[in-house]
Amino acid sequence: CAEGVIMNPIQSWADFMMFTGASPRTVTSRTAMLRRLTREHGDPLTLTRSDLLSFLAPYSHASTRSTMLSYLRSFYGWAVSEGLLTEDPTARIPAVKVPAGIPRPAPADVITAMLASAAPRTRSMAMLMVYAGMRCFEVAAFRPGHLQQRTDGSWWVDIPVAKGGHHQAVPIPAREAEAILAGPSWAVTVQTVQKDVRDALRAVGSECTPHQLRHAYGTTMLRSTGNLAKVQKLMRHASPVTTTRYAK
């Protein structure tokens, strides 16, 4: 068994993460990073602190380096606990200082123009971002059965696997819910959602990203409710500090 772990540490780490309850998306992201590290620098169990710094340094965004470092710490912590290593090479790598991000909501006129001109499927995808604050990977996993009308007449979007792997639900206006149900369904990748919505934004002359539609949702909800705690829940932020950024 120990030999099997050594022969394929990436798969063994993936199995461990799945066993401990990590979401499939988390497992995929982390193992993809480790495979990239292996391709570029060799067997991860033989790498030094210097090797890992060389791997991380080319990433220009601090947030990306911080995320990648957290993945590496997870892998090497597991490797030490399994007895595959005696020392964690990430132990002496300092934390990456990530500047606080400021939301950049897509302008209302851009959203209106994009929704008016987008193809039906893309329009439905974008509406889930604009009116329910859903992320691209959540939109990719959406199915018509996830839209449900409650006994009080309100419509909610069921999100079986939201960020962090938790099951959540958020309200959505009735008109938009009914329009989405009347439109085409989809079974696509996250990359397809990103590309289709980005292309629809480019078609109306905007350089906005799909995620900026979620930013528009957050700023609109905070402006209309003035309730940070409520918006934190609607946007499914783990920390109120993240939601506070929308007040800017």
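Below is a short write-up of the structure. (Residues numbered from 1 in each chain as written. Predicted model: local features only at pLDDT ≥ 70, side-chain atom pairs only at ≥ 80, totals over all residues. Heavy atoms only, no water.)

1. A few points about the packing of aromatic side chains
Now for step 1: For the structure shown, the criterion picks out five aromatic pairs.
Now for step 2: Measuring from centroid to centroid gives 4.9 Å for Phe-75 and Tyr-76, while their planes differ by 75 degrees, and the two rings are edge-to-face. In this structure, Phe-75 and Tyr-76 share a single accessibility class: buried.
Now for step 3: Counting every residue linked through ring pairs, the aromatic cluster contains Trp-13, Phe-75, Tyr-76 and Trp-78.
Now for step 4: The aromatic ring of Trp-156 is capped on one face by Arg-150, whose charged end is 3.8 Å from the ring centroid. (Phe/Tyr/Trp six-rings, centres within 6.5 Å; stacked < 30°, edge-to-face > 60°. Buried < 20%, exposed > 50% of the residue type's maximum accessible area, 1.4 Å probe, protein only. Lys NZ or Arg CZ within 6 Å of the ring centre and 35° of its normal.)

2. Overview of the pairing of strand E2 (residues 155–159)
Now for step 1: Where burial is concerned, most of E2 is hidden: four out of the five residues are buried.
Now for step 2: With three bridges joining them, strand E1 (residues 147–149) and E2 adopt antiparallel strand pairing. Each residue of the ladder has a partner; that of Gln-149, found in E2, is Trp-155.
Now for step 3: The antiparallel pairing of E1 with E2 creates a hairpin that spans five residues between the two strands, and Gly-153 there sits at a positive phi of about 90 degrees. (Helix = DSSP H or I, 4+ residues; strand = E, 2+ residues; numbered from the N terminus. Pairing = 2+ DSSP bridges.)

3. Remarks on the nonpolar core
A general tendency of soluble globular proteins is for nonpolar side chains to be buried together.
Now for step 1: Core analysis: the biggest nonpolar cluster contains 35 residues, and Leu-128, Val-157, Ile-172, Val-193 and Leu-213 have the highest contact counts within it.
Now for step 2: Going through the elements one at a time, helix H6 (108–117), helix H7 (120–132), helix H8 (136–140), E2, strand E3 (168–172), helix H9 (174–182), helix H10 (190–203) and helix H11 (211–225) are the ones with two or more residues in this core.
Now for step 3: By residue number, the principal contributor to this core is H7, which donates seven residues.
Now for step 4: Apart from residues no more than four positions distant in its own chain, Leu-213 is found in contact with Ala-106, Ile-111, Met-114, Ala-126, Met-129, Val-130, Val-197 and Leu-201.
Now for step 5: Residues Leu-45, Leu-72, Tyr-76 and Trp-78 belong to the second largest nonpolar core, which totals 24 residues. (Core = buried A, V, L, I, M, F, W, Y, C linked by side-chain atoms within 4.5 Å. Contact = heavy atoms within 4.5 Å.)

4. A few points about the packing of H11 against helix H12 (residues 228–235)
The description of two packed helices rests on the angle between their axes and on the distance between the axes.
Now for step 1: Across the interface, H11 lies against H12 with an axial gap of 9 Å and an inter-helix angle of 155 degrees. Comparing their axes, H12 and H11 come out roughly antiparallel. For the crossing formed where H11 meets H12, the hand is right-handed. Residues Arg-214, Tyr-217, Gly-218, Met-221, Leu-222 and Thr-225 of H11 pack against Leu-228, Val-231, Leu-234 and Met-235 of H12. (Axes fitted to C-alpha atoms, helices over the stretch in contact; angles between N-to-C directions. Parallel < 35°, antiparallel > 145°, perpendicular 65-115°, else oblique. Left-handed = near helix turned anticlockwise from the far one by under 90°.)

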